[in-house]
Amino acid sequence: MTNRYAEMREKAARVREQALFPSQRIPSELELQARWFAGDFGKQFLTTNGDKIDIVQFGIWNREAGPDFSDAAIRLNGSEPIRGNIEFDLSDRNWEAHGHAINPAFENTMLHVFVHASDRTFFARTRSNREVPQVRVDPNALPETFSANLPLARPGRCQAPLKDLPEERVRSVLDAAAQFRLQRKAAQIRNKIDNHGRDEALFQQLAAALGYKENKLPFTLLTQRLPLKLLRRQSTDCEALLFGIAGFLQASDLDVYERSTRKYVRQLWDNWWPHRDELQRLILPGKVWRLSGTRPLNHPQRRVAALAALARNWPAFQRSSGKGNSAAASEFLQGLDHPFWNFHYTLTADASPKEMALIGESRIAEILANVLFPFWLAEDADSSTPLAPRRAGRTSLWPQYAKLPARLSNRRLETAATRLFGSDPRRLLFTKTVAHQQGLLQIYEDFCMQDNSDCAHCPFPEQMRKWT
Ligand code: SF4
């Protein structure tokens, strides 16, 4: 089944060559962007230089730093579709004023849309000095009705055939895509094991998962600079070393901490000081951490404490996770605790009256899905049927993996579900397990993200009809 998905993916790669607003109300930038995305301004425009622009696809909303819409496609004077991002601003001067010209996140922008033209001309240029075509849109030409419901993405062409497919067939495609993804992750981990050895590779992967998307880099740096082997040798100072290298022990004044915290920080300092001079060069700069947008419960300081707990308890973790048994691994991770971090969000926060888990349920699910299962599979590389490992004492992986319940969703997943399933009432049913979520993401990356034709030339809908 996995091979069938791989074939389908390859075939796709071959095909790929290819209202007026009430006058008394000024629409907000967000509303104008929503109407742009809905296609209310049209799909054909002339740039400020007189070039012809056709919007082939509007892309998806980008709710993170960078241009407003990513993965869009346009034709310039009838050219082949050009894929890239679109920035929508209220004024032409905002490209300059908002620093897009020097921001690397805007490098791949291929269209700058604006509403108000300034008295003088403002060009849009990227950091590499490439000129970005500009289009001016007129809100006065918009149809009047507007739904305030901002969709993340629009349903794609495959929504119709998928709706008519029996549930079993959809599940089978999602399973195949999930198995393909799991095997690909396992292959990446195998490389890491070859480069760093089994335990270091696993420790690095766990750290990256504890860093979430925002702080994956600093957590990876931490484990590269403080390998598990070193932390195990220094097990008494292990937590202090991690906090020190993370740059979380820079303030020398204990008065900045709450009384209940001082004892804990003092202990960290006492253990960190003897190493500080020697390791000074390795301390991570503060700017590498991303703290905004992180839920307090997921603050990197709590996660560094969790990483220290893992390093300290490594032999026990190995025993619980070594058999490819997700229940045992999950139980071990749930059991990790810490007298300070069970009650604190950060070093400077007041103590919480309510106890919190050092690693919560949703993070454990993430660790199982993205670290431990791929890792177990990677270790069974010599098996001819890798999803049914033959190692002595190991339980078969796929049935366990297929049952993992999904704890979280995210924008990418919601976008993928909207593209493929639209308003199909079975949408929730198809995103209930980790495996199906991963399968959906794989299809989204392999087909939606490679498509330049607003679904017209995407082979997925036809291949779905043939899937048995
Ligand atoms: S690009 Fe393909 S897979 Fe994605 S929504 Fe369109 S038809 Fe479906």
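Residues numbered from 1 in each chain as written. Predicted model: local features only at pLDDT ≥ 70, side-chain atom pairs only at ≥ 80, totals over all residues. Heavy atoms only, no water.

A. Structural view of the overall build of the protein. A count of helices and strands for the protein gives 18 helices and 7 strands. Residue burial in the protein is summarised as follows: out of 468 residues, 52% are buried. Within the protein, one finds 64 positive and 53 negative side-chain charges whose respective centroids are separated by 4 Å. (Helix = DSSP H or I, 4+ residues; strand = E, 2+ residues; numbered from the N terminus. Buried < 20%, exposed > 50% of the residue type's maximum accessible area, 1.4 Å probe, protein only. Lys, Arg positive; Asp, Glu negative; His and termini not counted. Charge placed at Lys NZ, Arg CZ, Asp CG, Glu CD.)

B. A look at the side chain of Gln463. Within the element layout of this structure, Gln463 appears in helix H18 (residues 460–466). Accessibility expressed as a relative area gives 10% for Gln463, which makes it buried. Those residues in contact with Gln463, other than ones at most four positions away along the chain, are Met8, Lys11, Ala12 and Phe447. (Contact = heavy atoms within 4.5 Å.)

C. Summary view of the site of the ligand. Contacts to the ligand come from Gly156, Arg157, Cys158, Arg419, Phe447, Cys448, Asp451, Cys455, Cys458, Phe460 and Pro461. Class assignment for the residues of the shell around the ligand results in 7 nonpolar, 1 polar and 3 charged. (Near = heavy atom within 4 Å. Nonpolar A, V, L, I, M, F, W, Y, C, P; charged D, E, K, R; others polar.)

D. Structural view of the side chain of Asp424. Within the element layout of this structure, Asp424 appears in the loop between helix H16 (411–421) and helix H17 (434–446). Overall, the relative accessible area of 6% leaves Asp424 in the buried class. Not counting residues within four places of it along the chain, the set of residues in contact with Asp424 comprises Leu162 and Lys163.

E. Structural detail: the pairing of strand S4 (residues 69–76). With 6 of 8 residues buried, S4 is to be regarded as a mostly interior element. Direction of pairing for strand S2 (residues 52–57) relative to S4: antiparallel, over a ladder of 4 bridges. Within the sheet, the bridge partner assigned to Asp54 lies in S4 and is Arg75. Two elements, strand S3 (residues 60–61) and S4, share 2 bridges in a ladder whose sense is antiparallel. Bridge pairing in S4 places Ile60 opposite Ser70. From the end of S4 to the start of strand S5 (residues 82–91), which pair antiparallel, there are 5 residues, and Asn77 there has a positive phi angle of about 50°. (Pairing = 2+ DSSP bridges.)

F. Representation of the packing of helix H6 (residues 198–210) against helix H14 (residues 361–379). Axis separation between H6 and H14 bottoms out at 10 Å; the angle between their running directions is 155°. Regarding the angle of H6 to H14, the classification is roughly antiparallel. In this structure, the crossing between H6 and H14 has a hand that is right-handed. Contact residues: H6 offers Arg198, Ala201, Leu202, Gln205, Leu206, Ala209 and Leu210, while H14 offers Arg363, Ile367, Val371, Leu372, Phe375 and Glu379. Split by residue class, the contact of H6 with H14 holds 9 nonpolar, 1 polar and 3 charged. (Axes fitted to C-alpha atoms, helices over the stretch in contact; angles between N-to-C directions. Parallel < 35°, antiparallel > 145°, perpendicular 65-115°, else oblique. Left-handed = near helix turned anticlockwise from the far one by under 90°.)

G. Inspection of the environment of Gly42 at higher detail. Of note, Gly42 is situated in the loop between helix H2 (29–37) and strand S1 (44–46). Given a relative accessible area of 24%, Gly42 falls into the partly exposed group. Residues Gly42 and Ala141, spaced 99 residues apart in sequence, show a C-alpha to C-alpha distance of 10.0 Å.

H. Layout of the packing of aromatic side chains. Summed over all chains, the structure comprises 23 aromatic pairs. Here Tyr264 and Phe340 contribute two aromatic rings whose centre-to-centre distance is 4.4 Å and whose plane-to-plane angle is 15°, an arrangement assigned as stacked. Here Phe340 lies in the loop between helix H13 (326–335) and H14 and Tyr264 lies in helix H10 (residues 259–279), a separation of 76 residues in the sequence. Both residues of the pair, Tyr264 and Phe340, belong to the buried class. By the ring-pair criterion, three or more aromatic residues cluster together here, those being Phe219, Phe243, Phe248, Tyr264, Trp289, Phe340 and Trp341. (Phe/Tyr/Trp six-rings, centres within 6.5 Å; stacked < 30°, edge-to-face > 60°.)

I. Local environment of the confidence of the model for the protein. This prediction gives the protein a mean pLDDT of 86; 90% of its residues lie at or above 70. A low-confidence stretch, residues 17–24 (pLDDT under 50), is modelled with 21 contacts involving residues beyond four sequence positions or located in other chains. Here residues 382–386 is modelled with pLDDT under 50, and outside its nearest four sequence neighbours on either side it reaches 7 contacts, counting other chains as well. (pLDDT = per-residue confidence, 0-100.)

J. Main features of the domain arrangement of the protein. Partitioning the protein into domains gives domain 1 (22–141) and domain 2 (167–403). Summarising the inter-unit geometry, the C-alpha centres of domain 1 and domain 2 are found 40 Å apart. (Domains from an automatic or database assignment.)

K. Fine view of the packing of helix H5 (residues 167–196) against H17. It is at 7 Å that the axes of H5 and H17 come closest, and there the two elements cross at 80°. Overall, the two elements H5 and H17 adopt an arrangement that is roughly perpendicular. When H5 is examined against H17, the residues Arg171, Val173, Leu174, Asp175, Ala177, Ala178, Phe180, Arg181, Arg184 and Lys185 are found in contact with a partner set consisting of Ala435, His436, Gln438, Gly439, Leu440, Leu441, Gln442, Ile443, Glu445 and Asp446. Looking at the contact of H5 with H17 residue by residue, the classes come out as 9 nonpolar, 4 polar and 7 charged.

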